[in-house]
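Next come the chains, spelled out residue by residue.
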Amino acid sequence: MDLPYERPEDRPAAPAPLDRVQEFVNTRINFRETGDFRDELSSPDALREWMNAQGFLQPRARVDADDLERAIVVREGLRALLARHNDASEADDGDALRALDEAATTLPLRVRTAEGEELALRPVAQQGIEHALATLLADTFTARAGELARLKTCRDPACRWVFYDSSKNRSGTWCAMGTCGAASKKRHFTERRREKRRLG
């Protein structure tokens, strides 16, 4: 599916399997310039198409409105979680995290022995939306801490695109300096000038 917005060229994709978590959260695209958005998961059919493209579902898998609602809850909960890595949380992020916690209780996950006799979190369901969402949660929570901390939500509240911060000191703040970074600096400059005028 063609997107109207692509990941900035200077931002690499997250390493596998976090790359598919990143892609999942970024199925909602906010347009900072207009305040509009596009949601790739706009219907049960769209959700099935996206999950199928990622290899999670069979082409004719059954997906209904409840599955779509749960997928969006998981997606927005993950966005809120990743915002904490960038001090980019919003007022409603607490609600999104609580909703994610509740949704997670309905997704069967189990600790299992992986290759090399390491413990891994794996979905119990082997197919369907439950399998797909449980796999995305498992990918997130079993990622190496250093890698997961680099997956961040853009600090610009009008964007909230999830990007992978590959900088050495993990100092990345915006998904793209030339757009969200520049807009943020301009906004702060305007606010400081307005405050200076107010104080006389």
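Before any of the text, the structure's been laid out above.
**So, helix H1 (residues 18-25)**
Working step 1: Within H1 the residues assigned to the buried category are Leu-18, Val-21, Gln-22, Phe-24 and Val-25. Axial view of H1: buried residues confined to an arc of 160°, hence all on one face.

**Points about the packing of aromatic side chains**
Working step 1: For the structure on display, the rule yields one aromatic pair.
Working step 2: Aromatic side chains Phe-24 and Trp-50 sit 5.6 Å apart centroid to centroid with 50° between the ring planes, which places their arrangement in the tilted category. A residue pair is termed long-range when its members are at least 10 positions apart, and Phe-24 in helix H1 and Trp-50 in helix H2 (residues 44-53) qualify at 26 residues.
Working step 3: The buried category is assigned to Trp-50, whose relative accessible area is 8%.
Working step 4: Positioned above the aromatic ring of Phe-37 is the side chain of Arg-28, whose terminal nitrogen or guanidinium carbon lies 3.7 Å from the ring centre.

**Here we look at the environment of Ala-71**
Working step 1: Of note, Ala-71 is situated in helix H3 (residues 65-83).
Working step 2: Spatially, the C-alpha atom of Ala-71 lies 9.0 Å from that of Ala-103, the residues being 32 residues apart in sequence.
Working step 3: With sequence-adjacent residues up to four places away left out, Ala-71 is seen in contact with Phe-24, Leu-47 and Leu-133.

**A word on the packing of H1 against H3**
Angle between the axes and distance between the axes: these two values describe a pair of packed helices.
Working step 1: At a closest axis distance of 9 Å, the pairing of H1 and H3 adopts a crossing angle of 110°. Taken together, the axes of H1 and H3 lie roughly perpendicular to each other. On H3, the residues touching Val-21, Phe-24 and Val-25 of H1 are Ala-71, Val-74, Arg-75, Leu-78 and Arg-79.
Working step 2: Its residues placed into classes, the contact of H1 with H3 shows six nonpolar, no polar and two charged.

**Side note on unusual backbone geometry**
Working step 1: Following Ala-16, the chain continues into Pro-17 via a peptide bond in cis, with omega recorded as 0°.
Working step 2: With respect to the secondary-structure elements, Pro-17 resides in the segment before H1.
Working step 3: The phi torsion at Arg-160 lies on the positive side, around 60°, for a residue other than glycine.
Working step 4: Relative to the helices and strands, Arg-160 resides in the loop between strand S5 (151-153) and strand S6 (162-164).
Working step 5: When its relative accessible area of 7% is taken as the criterion, Arg-160 is described as buried.
Working step 6: A positive phi angle, near 55°, is found at Arg-170, a position not held by glycine.
Working step 7: Its place among the elements puts Arg-170 in the loop between S6 and helix H7 (177-199).

**As for the state of the cysteines**
Working step 1: One pass over the structure, following the stated rule, counts zero disulfides.
Working step 2: Free cysteine Cys-154: the closest other cysteine sulfur is in Cys-180, separated by 3.8 Å.
Working step 3: Distance from the sulfur of Cys-159, which forms no disulfide, to the nearest cysteine sulfur (Cys-180) is 3.7 Å.

Rules and cut-offs
Residues numbered from 1 in each chain as written. Predicted model: local features only at pLDDT ≥ 70, side-chain atom pairs only at ≥ 80, totals over all residues. Heavy atoms only, no water. Buried < 20%, exposed > 50% of the residue type's maximum accessible area, 1.4 Å probe, protein only. Helix = DSSP H or I, 4+ residues; strand = E, 2+ residues; numbered from the N terminus. Arc of directions from axis to C-beta. Phe/Tyr/Trp six-rings, centres within 6.5 Å; stacked < 30°, edge-to-face > 60°. Lys NZ or Arg CZ within 6 Å of the ring centre and 35° of its normal. Contact = heavy atoms within 4.5 Å. Axes fitted to C-alpha atoms, helices over the stretch in contact; angles between N-to-C directions. Parallel < 35°, antiparallel > 145°, perpendicular 65-115°, else oblique. Nonpolar A, V, L, I, M, F, W, Y, C, P; charged D, E, K, R; others polar. Disulfide = S-S within 2.5 Å.

Bear in mind that shape data such as this cannot, by itself, settle questions of function.
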